[in-house]
Amino acid sequence: MSMPDNKLSLTCNPLISVVIASYNYASYLPFAMGSALTQTYKNIEVIVVDDGSTDDTQQVMERYMTNPRVCYIRQANAGQPKTKNRGIAKSRGEFVAFLDADDIWLPDKLERQMLLFEDPQVGVVYCRRTWMDSQGDIMPGNERILRRGFILDHIFIDNFICFSSSVVRRSLLTEHGAFDENLPMGIDYDLWVRLAVRCKFDFVDAPLVKYRTGHANLSKNVMRRYECAHRIMDKALNDTEIRASMSWWVPRLALADTWANKAYYARGQKNFRLAAVCYLKSVLNVPFHVSAWKGLLCCLIKRS
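Being a predicted model, the structure only gives us computed values, none of them experimental.

**Examining the overall build of the protein**
Looking only at helices and strands, the protein features 12 helices and nine strands. The globule rule puts the C-alpha radius of gyration for 304 residues at 19 Å, and the 20 Å found for the protein is close to it. Counting only C-alpha atoms and orienting by the principal axes, one finds that the protein spans roughly 65 × 40 × 35 Å. Long-range contacts, defined here as pairs at least 24 residues apart, represent 76% of the contacts in the protein between residues at least 6 apart. Accessible area for the protein stands at about 14600 Å²; split by element, carbon and sulfur atoms hold 52% of it. Averaging the positions of the 39 positive and the 32 negative side-chain charges in the protein gives two centres separated by 6 Å.

Here's what the structure looks like:
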């Protein structure tokens, strides 16, 4: 279902809390703030949690402190999950929208997304994105296949939701928990898997977020990301409700894809031994995983 071109009005005007967690993003933060404060949907509050930045984030935020819709919190460095959870705890809205401090929203993003919450079963609404480089210039990027409805099987295999595009019913975060503070990364993937058991997801079929990539603050620890993905999968599969809601074939395919992706990265680093081990684990989960077999053969040839 694509959004119609004409704008519709909601029967009510619920408050949306925009949560921005920021660490040393002073150069990007004004663009994120500007895109939030100029939304065509006006009933918002913007909560910025500064996670112990050592740049001039504090000075940047001073220009916004006279705006009654803005709340600025500065804390000692605590990491992403605790920082985002503090923003949620401070928020008052019936809905919570997440915006990374280096990303930008198009002006009608929230207005178009809120229309989809008229279905009471919908708990999370997201949208497409465009990619931009560190300077803000548009660059090519491959959007994954987006899904709507009860998406547990799909989201467990592939986290296709752009975090800065998401809007969530606050009641879900209150009842089922927000971000797992024991996870160093992948916290959005963990949240989506947990919420996918409880509600429907929907999306606006338009790129309403400009997603910034390629700058120094982005984590380069790819292997650690894969380790966290395995940790989140194990956690989900040990949850009886999540496991019972999932199709029988999903865990094996998700594990096979994760091992294959980790192997592909190891190949790029010329660590053919590790890549071969990861490809082997992939095919042990899904014996007909063609790309894993091809990758394993390439590794064996390289090592020989």
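**What to know about the environment of Leu 300**
Along the polypeptide, Leu 300 turns up in helix α12 (residues 290-303). Between the C-alpha atoms of Leu 300 and Phe 272, which are 28 residues apart in sequence, the distance is 7.9 Å.

**Re the packing of aromatic side chains**
A complete count under the given rule lists nine aromatic pairs for this structure. Between Phe 98 and Phe 163 the ring centres are 5.0 Å apart and the planes differ by 25°, which places this aromatic pair in the stacked class. In this pair, Phe 98 is assigned in strand β4 (residues 95-98) and Phe 163 in the loop between α5 (152-157) and β8 (167-169), connecting sequence segments 65 residues apart. Given a relative accessible area of 0%, Phe 98 falls into the buried group.

Conventions we followed
- Residues numbered from 1 in each chain as written.
- Predicted model: local features only at pLDDT ≥ 70, side-chain atom pairs only at ≥ 80, totals over all residues.
- Heavy atoms only, no water.
- Helix = DSSP H or I, 4+ residues; strand = E, 2+ residues; numbered from the N terminus.
- Rg over C-alpha atoms; globule rule 2.2 N^0.38 Å.
- Contact = heavy atoms within 4.5 Å.
- Areas by Shrake-Rupley, 256 points an atom, 1.4 Å probe, with all protein chains shown as cover.
- Lys, Arg positive; Asp, Glu negative; His and termini not counted.
- Charge placed at Lys NZ, Arg CZ, Asp CG, Glu CD.
- Phe/Tyr/Trp six-rings, centres within 6.5 Å; stacked < 30°, edge-to-face > 60°.
- Buried < 20%, exposed > 50% of the residue type's maximum accessible area, 1.4 Å probe, protein only.

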